[in-house]
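# Analysis of the macromolecular model
Given next are the chains, with one letter for each unit.
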Amino acid sequence: MKQTIDEVQQEIIDEFSIYDDWMDKYAVIIEQGNALQPIDEKYKIPENIIEGCQSRVWLQTDYHEGKLYLQAESDAIIVKGLLALVLRVFNGRTPDEIINTDLRFLKEIGLTEHLSPTRSNGLLSVIKQIRFYAIAYKAKDDSMIY
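Below, the structure is looked at part by part. Note that the coordinates shown come from a computational prediction; the quantities given were computed from them, not determined experimentally. (Residues numbered from 1 in each chain as written. Predicted model: local features only at pLDDT ≥ 70, side-chain atom pairs only at ≥ 80, totals over all residues. Heavy atoms only, no water.)

### Some words on the side chain of Glu73
Under the convention used in this document: Only runs of H or I of at least four residues qualify as helices and only runs of E of at least two qualify as strands under DSSP, and these elements are numbered from the N terminus. In protein, a polar contact means a hydrogen-donor-capable atom and an acceptor-capable atom, both N or O and within 3.5 Å, with residues adjacent in sequence counting only if both atoms are side-chain atoms; elsewhere, any N or O pair within 3.5 Å suffices. Residue contacts are defined here by distance: any two heavy atoms, one from each residue, within 4.5 Å place the two residues in contact.
Structurally, Glu73 can be placed in strand E2 (residues 67–74). A polar contact is formed between the side chain of Glu73 and the backbone nitrogen of Ile39, at a distance of 2.6 Å. Leaving out residues up to four positions away in the same chain, Glu73 has contacts with Pro38, Ile39, Lys44, Arg56, Val57, Trp58 and Leu83.

### Considerations on helix H1 (residues 5–17)
Because an α-helix completes one turn every 3.6 residues, residues spaced three or four positions apart along the sequence face the same direction. What counts is decided by this rule: Each residue after the first adds 1.5 Å to the expected span of a helix. Type-normalised accessible area, obtained with a 1.4 Å probe on protein chains alone, sets the label of each residue: buried when under 20%, exposed when over 50%, and partly exposed for intermediate values. Each direction from the helix axis to a C-beta atom contributes to the arc, which is the arc of those directions.
Relative to the 18 Å expected for 13 residues at 1.5 Å per residue, H1 spans 18 Å between its end C-alpha atoms, a close match to the ideal helical length. For H1, the complete set of buried residues consists of Ile5, Val8, Gln9, Ile12, Ile13 and Phe16. Looking straight down H1, one finds that the buried residues subtend no more than 140° of arc, so they occupy a single side. Along its buried surface, H1 packs onto helix H2 (22–35), helix H3 (77–90), helix H4 (95–100) and helix H5 (104–108).

### A look at the pattern of salt bridges
To keep it simple, the criterion reads: Think of a salt bridge as a Lys or Arg side-chain nitrogen and an Asp or Glu carboxyl oxygen that are within 4 Å of each other.
A complete count under the given rule lists 8 salt bridges for this structure. In this structure, Glu97 and Arg93 form a salt bridge, with 3.6 Å as the shortest nitrogen-oxygen distance. Judged by its relative accessible area of 30%, Glu97 is partly exposed. Judged by relative accessible area, Arg93 falls into the buried class, the value being 4%. For Arg104, the salt bridge goes to Glu108, with nearest N and O atoms at 3.2 Å. Taken together, the positions of Arg104 and Glu108, both in helix H5 and 4 residues apart, correspond to about one turn of that helix.

Structural data, given as C-alpha cells:
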C-alpha cells in the first residue's frame with residue numbers, strides 16, 4: 001500500500017529530526033539530490049525551465065491514469081536535493097492530493113528559515129508550477145466528464 005502524502009512528509013521530518021546541526025541537514029539534502037534520477041536530455045528544453053530560480057531547474061510533468069509523474073533536475077546541488085524532497089511528496093499523486101496538500105515538512109524541518117531568499121523563491125516557484133499542472137490536469141479531467 002502506497003504511503004499517504006502526510007506519511008511521506010512525516011518520514012522526511014523524522015529523517016531530519018535526528019540532526020541538530022544544519023551542516024548535517026544540508027548533507028542529507030545533498031545526498032537526496034545525488035540519488036535523484038537525472039532528467040532525460042530531451043526534457044531539458046526552455047519550456048521546462050522554472051522561472052524564478054537562481055539556478056537552472058527543469059521540471060517535466062507527465063499525466064496518466066489520473067496521476068502526475070514528475071521529473072526534475074537542477075545544476076545546483078542543494079536545489080537538486082530540495083527537488084528530490086518535493087518529488088518524494090508529490091510524485092505519482094492525483095491532482096487533488098497535490099492541490100490540497102499543506103507542505104508542512106518544509107517548515108517543520110526548518111528549511112523555510114535556513115534557505116536564502118533566492119533559494120526559497122526558487123523552491124516556491126517549483127511548488128507553484130507543480131500545483132499549476134495539477135490544477136490544469138484536474139480541469140481537463142473535469143471537462144471530459146461532462
